[in-house]
Structures are given as structure tokens and as C-alpha cells.
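Structural description and commentary
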Amino acid sequence: GHIEVSIVPDRLLQRSDRMSILFSQKFELTKPGGSKELLPAPEWIFSFVQDPETRDLAICADNMTPGGAPRIAKVPQVFYPGTWSPKTAYANRLDFENGEHVDNTLTVFGQEQVETDFGSLPSWKSKITSESAVTGLIEGMDWWTPELGAPAKFSTLSKMPDGSQMRFVATLSRSTLQ
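Now for a look at the structure at hand. Keep in mind that what you see is a predicted model, and the values were worked out from it rather than measured. Each chain has its residues counted from 1, following the order in which its sequence is written. Reporting in this predicted model follows two pLDDT cut-offs: at least 70 for local features of residues, and 80 or more for side-chain atom pairs to be given and counted; totals over whole chains, interfaces and linings ignore these cut-offs and use all residues. Only heavy atoms go into the side-chain values, all of them from the structure, while hydrogens and water stay out.

**Quick look at the environment of T145**
A run of H or I in DSSP counts as a helix once it spans at least four residues, and a run of E counts as a strand once it spans at least two, with each numbered from the N terminus. Relative to the helices and strands, T145 resides in strand β10 (residues 136-145). In the structure, T145 is positioned 22 residues away from S123 in sequence and 4.7 Å away in space, judged by C-alpha atoms. Only heavy atoms enter the contact rule, under which two residues are in contact if any of them lie within 4.5 Å. Sequence-distant contacts of T145, that is, excluding residues within four places in its chain, are made with L121, P122, S123, A150, P151 and A152.

Next up, the structure:
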């Protein structure tokens, strides 16, 4: 399958001063014998604000709940840094008004070229984690290309609270940015 990542008007809080990152997932399940079946997957939405000086992108709300209901941040927290260097790192807790929280980390390990369908992109290789009682533990590597505002490649392992696991591996296949 594949995941489409888009920046769209805020769909969670309906605020004209905010935008959302939309992850539209289209997965296929390969069955014994090789046949494929569409695996239903929710859209993940992250409402954000961007600091005009640092360009840091901070999450204001998400829909990472079993039913997809919005969780509103008490105080927005950085999720995507506005500037990148070999020393870029953060660790924060995103507290939501409903009492839930997510602990996020990002640590850059250096730069690597990522081969995509439309060329080689210089990217910042970063270890990421995201942990909450609702979504479990997500660990992985992102290869961020700040010029695109997205990772050129990522590989994550999601360990859900019920013990199930999902692995996501993706490489950017197209961009609407020039």
C-alpha cells in the first residue's frame, strides 16, 4: 500500500489560522496464495501552528483515538523542527485536554542521500519515538528533507497496547513542491 501526506486546511478544529497534516493510508493485505485485499485504515490528522521565527511546527490537535475523535493540546508542542543540523533534537510531552498525553522524541544522526523516483535528495536521518497509552510505542527512523516539509523516507515499528505490531516503510514517490 501507500500513504499520501498532504497539507490541508484545518479539519479538526475548523480554524482558519491553522492547517493540518493529513496522512491518507491505503494498505493492502497479502493473503496466503498471493491475493491482495484492501485493508481499511483511518486518516490521521494533525492540526498545527508554525512559529514565524523558528519555523518549528507544533501540534495543536490530532485524531489518534480509537474512534478518530479530536484530542486538543493544552499547549502545542514541537513535532517537526523548523531548522535542521547534526545537533537537532527534542523530547517533549504533548498533554491533551482529555487527560491523555504523547511523549515524543527526535534525534538527528547526520545527513544521507535518499534515492526517490524523482532523484536523490539530501536528508537528515533522525531517530523518532512517540509513545502513548492509546497508540502504544512508535519507534523508527525518518529521513527528513526540510525543503519538502516531509520525510523523503521513513521506517517505523508500531507496537500497539494490545500487543499487535505494524511496520511501515516508505520512500517518497512524488511531490507537488518544485
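The rest of the description comes next.
**A look at the pairing of strand β4 (residues 44-50)**
Regular strands place their side chains on alternate faces of the sheet. Note on pairing: DSSP must find at least two bridges between two strands before they are called paired. As paired strands, strand β2 (residues 19-30) and β4 are joined by five bridges and run antiparallel to one another. When the sheet's bridge partners are listed, L22 is paired in β4 with I45. Pairing of β4 with strand β5 (residues 57-62), which is carried by five bridges, proceeds in the antiparallel orientation. In the sheet register, F46 faces β5, and the bridge partner there is D62.

**A closer look at the pattern of salt bridges**
For this document, the term salt bridge refers to a Lys or Arg side-chain nitrogen within 4 Å of an Asp or Glu carboxyl oxygen. With the rule as written, the count across this model stands at seven salt bridges. In this structure, R11 and E43 form a salt bridge, with 2.8 Å as the shortest nitrogen-oxygen distance. Remark: E43 occurs in the loop between β3 (36-39) and β4 and R11 occurs in the loop between β1 (2-9) and β2; sequence separation between them is 32 residues. Residue exposure (1.4 Å probe, protein chains only): buried if accessible area is under 20% of the type maximum, exposed if over 50%, otherwise partly exposed. What makes R11 partly exposed here is its relative accessible area of 39%. Overall, E43 belongs to the partly exposed group, its relative accessible area being 34%. K125 is the partner of E112 in a salt bridge, and the nearest nitrogen-oxygen pair spans 3.5 Å. Of this pair, E112 sits in strand β8 (residues 101-116) while K125 is found in strand β9 (residues 119-132), placing the two residues 13 residues apart along the sequence. E112 sits in the partly exposed class, given a relative accessible area of 34%. For K125, a relative accessible area of 22% gives the class partly exposed.

**As for empty space enclosed by the protein**
A pocket, in this scheme, is an open set of points on a 1 Å grid over the protein atoms alone with protein on both sides within 12 Å along at least 5 of 7 lines, while a cavity is a set where a 1.4 Å probe fits but cannot get out; residues line either one if an atom lies within 4 Å of a point. Grid points are joined across faces, edges and corners, and a volume is the space filled by probe spheres set on the points. Enumeration according to the criterion identifies one cavity of 30 Å³ or more in this entry. Taken as a whole, the largest cavity spans an internal volume of roughly 560 Å³. In terms of lining, the largest cavity is formed by 29 residues, of which the most central are F46, F79, Y80, I128 and I138. Of all elements in the fold, only β4, β5, β6 (71-80), β7 (89-95), β8, β9, β10 and β11 (150-159) reach the threshold of two or more residues within the lining of the largest cavity. When the residues that make up the lining of the largest cavity are grouped by side-chain class, the tally is 18 nonpolar, eight polar and three charged. Only Asp, Glu, Lys and Arg are considered charged, only Ala, Val, Leu, Ile, Met, Phe, Trp, Tyr, Cys and Pro nonpolar, and every remaining residue, Gly among them, polar.

**Description of the packing of aromatic side chains**
Here a pair means two rings of Phe, Tyr or Trp (six-membered ring of Trp) with centres within 6.5 Å. Their orientation is stacked below 30 degrees between planes, edge-to-face above 60, and tilted elsewhere. Enumeration over the complete set of coordinates arrives at four aromatic pairs. The interplanar angle of 25 degrees and the centroid separation of 5.7 Å between the aromatic rings of W84 and W144 together place this pair among those described as stacked. Note that W84 is positioned in the loop between β6 and β7 and W144 in strand β10, a separation of 60 residues in sequence. In this structure W84 comes out as buried when scored by relative accessible area, which is 14%. Residue classification places W144 among the buried residues on the basis of a relative accessible area of 4%. In this structure an aromatic cluster arises from ring pairing among F46, F79, Y80, W84 and W144. Placement of a charge over a ring requires the Lys NZ or Arg CZ to be within 6 Å of the ring centre, with the centre-to-atom vector within 35 degrees of the ring normal. The lysine or arginine in question, K153, covers the ring of W143, its NZ or CZ lying 4.5 Å from the ring centre.

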